[in-house]
Amino acid sequence: MPSSLIRRGIWAIGAAVIVIALVVATLPLIASTRIVRDRIAWEMSAWSGFRVAIEGSPRIEVWPTFRAILTDVTLSQWTDTETPPVVEAERVEVDLSAMAALRGDVVFSTARLVRPTIRVQRTPTGLFLPAVPTGGRITRSIDTARGVVNADPAKPNLDKLPTDTFGTVEFRDGRMVASVDGKDVEILSSLSGQATWAAMNSNATLSATGIWRGESVAVDAASEKPLVLFAGGVAPLSLSFKAPPATFSFDGTASMSENSYFDGQAKFSAPSLRRVLEWLQAGIAPGAAIGSVSISSKVTATAGRVKFDNTAIALDNNPGMGALDLSLGEAQPVISGTLAFDTLDLRSFLSAFTPLAPTGAVGPSDVDTSFADKINLDLRLSAAHATAGPIQLADVAATAQVKDGLSVFDISDASAFGGNIQTSLRFDRKPEGSQVEIRLLASDIDGGAFATAAGMTRLVPVGTGTVSVILKGPGRTWNSIFDNADGSVSATFGPGALSKLNLPAFLKHTEQGGFFALDDVSDGTLPIDGAEIKASISKGVARIDKAEANSAKYKIWLSGIASYAGRGLALSGGVIQPEQAATQTNGQQGPNQASFFVGGTWSTPFISPISRGVSGE
């Protein structure tokens, strides 16, 4: 190669290096004098539609990227100079195009807002959103797209959408505030994330994290046709919300027109429904712990109505299927539908809409049924198997209704204790306090199994019978309902036996005199032809009006009071032979009658014989 060519090449390379060095050296000067501040503010205003002001002195960095660093940046409404800015940022970093800067233009693909404050307003739907700009390229692009959508809503011509390039907006360590009574109240803190939208006719994504009401939240959203979506057309949309109390996701299509529309698959899960209600500050105060809940459903939503089809729901890991309908047109939301479970914990289900305070809670307030003023509920339930504490039920058909301060849970049919169960639980919110009413009708049941579930194991009729219970009164906890209730209890049983009673030993002890524990004569069973019980209940104390059991040789009777709260007993009773029953008057004993007093508690009753002399004979 001739030496002249080599020398020329060296000179060319050297000249290029000098030019590049001069460009790099002069870029900060060119940028600072020609585009920084005014030009960037103008470009940001042109895009956002807000009035952009940059108070701090700009700084230009060349390496590793050519960018402008701006301080004290505000975005405000053009038409309102009195209100605070919509966005305030301590610093904004803008990645610039070096070649465009040399031409005197501003071209940037990324803007980073550091420690921004975004002011939002509560909308009629209850959401907090920033003010809408009155102009700007984004607003004009949406208006253009709206015309394209209106021309053919079913299949808009995407080729006619604006093609302006946009870029990425990042934000770090920001917060959202809203004005309440003239003061800024922080809605969201530690806000970080980014919105990516390469061009107006391309897809867009949003990712953000922050702290809301003390919990870390993460939101992700994406759409293949965001401009069509903002213009009121139907476009694909995916949403994801994650927080420790709950997660939610949606994947389908949506429209943000006046008649908003959603159609797709939605999922919701929460490890504790109680925690979710408290976190959302829904005004519903659950008492007993409500377990986990998860829902997966095909969702179709229009203005004022949401339909859930093919809904898979799990309450405390009890799976079920069904369909739900949510209506928002009335004063309170209305939820109706049907759900079918294989297994269902009725106690967990009840605590979701009849929130009693936990046992041991203190305070003067009654059962908190304020949830009944915030939502209307009408559900039809069925379960192949169900539990209510230790009670096992099968083939359950039930309804749950909440409306205008009244909450009702009815089991219209269920199999339990070898027979049939019908029960109703009613919470009625009244000015003088909440009233609770419980009704139970158990037909053709095993009396022994039923009594064991009720906590009674002694002198219980073992046989087929019918039990009716009606209780009504104020109550804050499950126990306090029974402690304060008024009502009645009745039961009749056919042939069977009295459990844990050795009658010959019992009669021998009463003949000998002296009190003794019922446990001392519980090593037997007395066959009976039938039994009948009638009792009235006042303030949790049962007054036994009639309790009789008839066997082939004897008739056993009891009367007196039994306390549910303290489980105390104060009963008198007797054992007579059938032929002497006709001669018994006012509880007086015949010559072959044993009379006695029963004291102690339900778990440890004691028998004290009554001598004939004491009885007046």
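Residues numbered from 1 in each chain as written. Predicted model: local features only at pLDDT ≥ 70, side-chain atom pairs only at ≥ 80, totals over all residues. Heavy atoms only, no water.

## Brief notes about unusual backbone geometry
- With a phi angle near 55°, Ser190 is a residue other than glycine that sits in the positive phi range.
- As for its placement among the helices and strands, Ser190 is situated in strand 8 (residues 183-199). (Helix = DSSP H or I, 4+ residues; strand = E, 2+ residues; numbered from the N terminus.)

## Remarks on the pattern of salt bridges
- The final tally for this structure, using the stated rule, is 19 salt bridges.
- Between Arg305 and Asp325 there is a salt bridge, with its nearest N and O atoms 2.6 Å apart. Linking Arg305 in strand 15 (residues 305-315) with Asp325 in strand 16 (residues 318-327), this pair joins segments that are 20 residues apart in sequence.
- Its relative accessible area of 13% is what places Asp325 among the buried residues.
- Among the ionic pairs, Asp486 bridges to Lys539, the shortest N-O distance being 4.0 Å. Within this pair, whereas Asp486 is found in strand 24 (residues 486-498), its partner Lys539 is found in the loop between strand 27 (530-538) and strand 28 (541-550), the two being separated by 53 residues in sequence.
- Judged by its relative accessible area of 31%, Asp486 falls in the partly exposed class.
- Connected through salt bridges with shared partners, the residues Glu88, Arg119 and Asp184 form a single ionic network. (Salt bridge = Lys/Arg side-chain N within 4 Å of Asp/Glu carboxyl O. Buried < 20%, exposed > 50% of the residue type's maximum accessible area, 1.4 Å probe, protein only.)

## Brief notes about the pairing of strand 4 (residues 87-96)
- The element strand 4 is extensively covered by neighbouring structure, given that 7 of its 10 residues are classed as buried.
- Note that strand 3 (residues 67-76) and strand 4 share 8 bridges and pair antiparallel. For Ile69, the partnering residue across the bridge sits in strand 4 and is Glu93.
- Bridge count between strand 4 and strand 5 (residues 108-122): 9 bridges; the pairing is antiparallel. Opposite Asp95, over in strand 5, you have Thr110 as the bridge partner. (Pairing = 2+ DSSP bridges.)

## Focus: the packing of aromatic side chains
- As enumerated under the stated definition, the model contains 10 aromatic pairs in all.
- On the numbers, 5.0 Å between centres and 70° between planes, the contact of Trp212 with Trp279 is edge-to-face. On the criterion of sequence distance, the pair formed by Trp212 in strand 9 (residues 204-212) and Trp279 in helix 6 (residues 273-280) is long-range, its members being 67 residues apart.
- When the centroid spacing of 6.1 Å and the interplanar angle of 65° are considered together, the rings of Phe515 and Phe606 count as edge-to-face. With Phe515 in the loop between helix 10 (503-512) and strand 25 (516-517) and Phe606 in strand 32 (residues 605-610), this residue pair connects regions lying 91 residues apart in the sequence.
- Ring pairs connect the aromatic residues Trp47, Phe166, Trp197 and Phe230, which therefore count as one cluster.
- Its end group placed over the ring of Trp78, Arg51 keeps NZ or CZ at 6.0 Å from the ring centre. (Phe/Tyr/Trp six-rings, centres within 6.5 Å; stacked < 30°, edge-to-face > 60°. Lys NZ or Arg CZ within 6 Å of the ring centre and 35° of its normal.)

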